[in-house]
Amino acid sequence: MNNGKTEGIMEKTELTARLEQARQYERQHQTAAQERPAFHVTAPVGWINDPNGFSLFQGEYHLFYQYHPYSSLWGPMHWGHCKTKDFIRWTWLPCALAPDEAYDGQGCFSGSAVEQDGKHLLMYTGVREREKEDGTKEVFQTQCMAVGDGTDYVKLQENPVILADSLPEGSSAADFRDPKIWREDGRFYAVIGSLDGDGSGQIALFSSADGTGWSFESILDRNQGRYGKMWECPDFFTLDSRQVLIVSPQFMRAEGLEFHNGNNSIYFVGSYEKEKKCFLRKEARQIDYGLDFYAPQTLETADGRRIMIAWMKSWDNDLTPEGAGWSGMMTVPRELRLDGERLIQNPVRELETYRRNEVRHAVRLTREDGEKALDGISGRVLDMTVELKAGDYEVFQIALAADSDSRTLLVYDRKRATLTTDRTWSGLRKDQVCVRSAAVREREGKLKLRIVMDRFSAEVFVNDGETAMSTVIHTDQKAQGIFFSCDGTAEISVVKYDLEAEGLTF
Ligand code: FRU
């Protein structure tokens, strides 16, 4: 490890022109706070995608992200940076990495971070284009590292530290990315997404004694033609004594209500055979059944909780309104646990300390009520739990972010046992995917929906985290209405809190 070099990382002279330019740009072009979500991470300006380097460093939680400050479109990837003590109140830090070396000049792609001897170690994918003999260009991806103090980072002289050459024969050099690093028993390990010779995804496991010299250990898992093609953004961790592998496959085919077409984020629960360095698992499940969720990454907190954060957007849907200063945000960080083979996810408990103005209702709704508003139940930055307790209804609907022009619907169809998000009337000007359903089940005749909203999104957690659905809503903030309706009778309870919004994020 090139520790000597970290001494100089605070010095301005160490900053490359491209990084300095990005830092200056983000300082000068910050989007106004009111135009951004209150507590979901966005960039100061420009485009973001995957969460990167989500890690505990010197008592604070750091989050980096794929970042193109100069426009609301994807471009040469930088790493943006912010940190938090409680996952809700975030502080921006200066842009951490710029694509400014020969080995990463086409982009600093996704990666992760770990704390080592008081230093913050980043591992990321360097993207480079090279000219072939016939004059055409080919992209290749390698793994690189940087070390820093929580604000400034220096790329290692040894970069790139892993080349695709060390993968099994036939593996692609163009699709080899998104290392997730961790430390275990005094060694560093990393799982990295890779594309097999037959065009299917595989996860490569590497290890290192010092964080610089890496060796290939095994192919931990491969998709054998199932679950899409390239597996992006792997994460591999122990949860409740089981082993979990998270991957984000490209080019999946829809299967029932479980998977949709294109990019999905899925998980496998299984066991890790340490001797053979392979992962034994069964079927995959979707992580989030909403319209906007991709590339999740997790960390372990100081008190032992596994927290996941994801990009709340998808590659296929671009909802960013013209003229918006920012594009893309993260989900609310979620606490994970397992219930058998099922991943349970709920907003971090810290969110509850931001609850204000409790409003409670217990009502009997009938078809004749039409769309019913309840006193004090409205808003766009809130935490609301609706329990459907009894009744003879077949369809129950909640309209969120509603006014005379727009609304985002949550529809529970009891016969089909589905919950559907529908944002057809949510201010879109392109014919994009607006409807997605998930299978849900009543528990003792009840369905519980926790809905967390933050200006431009609604995240729904069903039955205490059994199913999650995340959806971006880019409508006018004046659309604050919430309406309940059903086609029979329904006994419901509603508990709603505003979430403190002012001065929260950045
Ligand atoms: C996933 C992804 C990663 C890559 C990054 C590039 O969304 O495609 O595989 O590292 O985005 O921005």
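Residues numbered from 1 in each chain as written. Predicted model: local features only at pLDDT ≥ 70, side-chain atom pairs only at ≥ 80, totals over all residues. Heavy atoms only, no water.

Chemist: I tried to follow the site of the ligand on my own but got confused; where do I start?
Modeler: Every residue lining the ligand is accounted for by Asn49, Asp50, Gln66, Trp74, Met77, Phe109, Ser110, Arg177, Asp178, Glu232, Tyr294 and Trp315. Within the side chain of Asp50, an N or O atom sits 2.7 Å from an oxygen atom of the ligand. Ser110 places a main-chain nitrogen or oxygen 3.1 Å from an oxygen atom of the ligand. Here the ligand has 320 Å² of accessible area as a free molecule, and 95% of this is covered by the chains. Residue composition of the shell around the ligand, grouped by class: five nonpolar, three polar and four charged. (Near = heavy atom within 4 Å. Polar contact = N/O pair within 3.5 Å; in protein donor to acceptor, adjacent residues only side chain to side chain. Areas by Shrake-Rupley, 256 points an atom, 1.4 Å probe, with all protein chains shown as cover. Nonpolar A, V, L, I, M, F, W, Y, C, P; charged D, E, K, R; others polar.)

Chemist: For this particular structure, what's the right way to read the pairing of strand E33 (residues 489-499)?
Modeler: Regular strands place their side chains on alternate faces of the sheet. The buried fraction of E33 is high, at nine of eleven residues. Relative to E33, strand E23 (residues 355-366) runs antiparallel, the two sharing ten bridges. If you follow Val359 over to E33, its bridge partner there is Lys496. Pairing geometry for strand E24 (residues 381-391) and E33, over nine bridges, is antiparallel. Note on E33: the bridge partner recorded for Thr385 is Val495. (Buried < 20%, exposed > 50% of the residue type's maximum accessible area, 1.4 Å probe, protein only. Helix = DSSP H or I, 4+ residues; strand = E, 2+ residues; numbered from the N terminus. Pairing = 2+ DSSP bridges.)

Chemist: Mind showing me how you'd approach the pattern of salt bridges here?
Modeler: The final tally for this structure, using the stated rule, is 41 salt bridges. Its salt-bridge partner being Glu341, residue Arg242 comes within 3.1 Å of it at the nearest N-O pair. Of the two residues, Arg242 is situated in strand E14 (residues 242-249) and Glu341 in the loop between strand E21 (334-339) and strand E22 (342-347); the sequence distance between them amounts to 99 residues. Here Glu368 and Arg367 are joined by a salt bridge, their closest N and O atoms 4.0 Å apart. Since its relative accessible area comes to 53%, Arg367 is described here as exposed. Because the salt bridges share partners, they merge into one network encompassing Asp303, Arg305, Glu335, Arg349 and Glu350. (Salt bridge = Lys/Arg side-chain N within 4 Å of Asp/Glu carboxyl O.)

Chemist: I tried to follow the UniProt feature "domain: Glycosyl hydrolase family 32 N-terminal" (unreviewed entry) in the protein chain on my own but got confused; where do I start?
Modeler: Here the UniProt-annotated "domain: Glycosyl hydrolase family 32 N-terminal" (unreviewed entry) positions come out as residues 40-347. Annotated as 0% helix and 54% strand, the span residues 40-347 places its first and last C-alpha atoms 12 Å apart. (UniProt positions renumbered as here; feature names shortened; annotations may be inferred.)

Chemist: Would you mind showing me how to read the sheet that holds E21 here?
Modeler: Sheets are built from strands that pair by backbone hydrogen bonding, the pairs being arranged parallel or antiparallel. Taken in spatial order, the four strands line up as E18-E19-E21-E22 in an open sheet, and their pairing is antiparallel. Only two strands of the sheet have a single neighbouring strand rather than two, namely strand E18 (294-300) and E22. On average, each strand axis in the sheet is inclined to that of its neighbour by 40°, with strand direction left out of account. Across three bridges, the pairing between strand E19 (residues 306-311) and E21 is antiparallel. The partner of Arg306 across the bridge, within E21, is Leu336. (Axes fitted to C-alpha atoms, helices over the stretch in contact; angles between N-to-C directions.)

Chemist: Would you explain the sheet that holds strand E11 (residues 201-208) in this entry?
Modeler: Spatially, four strands are ordered E9-E10-E11-E12 in an open sheet, and the strand pairing comes out antiparallel. Edge strands, defined here as strands with exactly one partner in the open sheet, are strand E9 (176-184) and strand E12 (214-222). The average undirected angle you get between the axes of adjacent strands in this sheet is 25°. Direction of pairing for strand E10 (residues 187-195) relative to E11: antiparallel, over a ladder of eight bridges. The partner of Val191 across the bridge, within E11, is Leu205.

Chemist: Would you take a moment to explain the pairing of strand E1 (residues 46-57) for this structure?
Modeler: Here E1 lies mainly inside the structure; eleven of its twelve residues are buried. Here two bridges tie E1 to strand E20 (residues 326-327), and the two strands are oriented parallel to one another. Bridging from a neighbouring strand, Gly46 pairs with Trp326 of E20. Two elements, E1 and strand E2 (residues 60-68), share seven bridges in a ladder whose sense is antiparallel. Considered in E2, the bridge of Phe57 is made with Glu60.

Chemist: Looking at this model, I keep getting lost on the side chain of Ser208. Mind explaining?
Modeler: Counting through the fold element by element, Ser208 comes out in strand E11. Of the polar contacts made by the side chain of Ser208, one reaches the backbone nitrogen of Asp210; its length is 3.3 Å.

Chemist: Help me understand unusual backbone geometry in this model?
Modeler: What is expected of a backbone is that most residues other than glycine have negative phi and most peptide bonds are trans. Following Asn159, the chain continues into Pro160 via a peptide bond in cis, with omega recorded as -10°. Within the fold, Pro160 resides in the loop between strand E8 (153-155) and E9. With a phi angle near 70°, Phe87 is a residue other than glycine that sits in the positive phi range. In this fold, Phe87 is placed in the loop between strand E3 (78-84) and strand E4 (90-97). On the basis of relative accessible area, Phe87 is assigned to the buried category, the value being 1%.

Chemist: Quick question: what am I supposed to make of empty space enclosed by the protein here?
Modeler: A water-sized probe rolled over the atoms picks out the places where empty space is left. Applying the stated rule across the entire model yields four cavities of 30 Å³ or more. Put simply, the largest cavity is a space of about 70 Å³. Around the largest cavity, the lining is made up of 13 residues, and of these Gly111, Asp178, Cys233, Pro234 and Gln297 lie nearest the centre. At the level of secondary structure, the elements contributing two or more residues to the lining of the largest cavity comprise E1, strand E5 (107-116), E9, strand E13 (231-239) and E18. Taken together, the residues of the lining of the largest cavity break down into six nonpolar, four polar and three charged. (1 Å grid on protein atoms, 1.4 Å probe; cavity = no way out; pocket = protein on both sides within 12 Å on 5 of 7 lines; lining within 4 Å. Points joined across faces, edges and corners; volume = space filled by probe spheres on them.)

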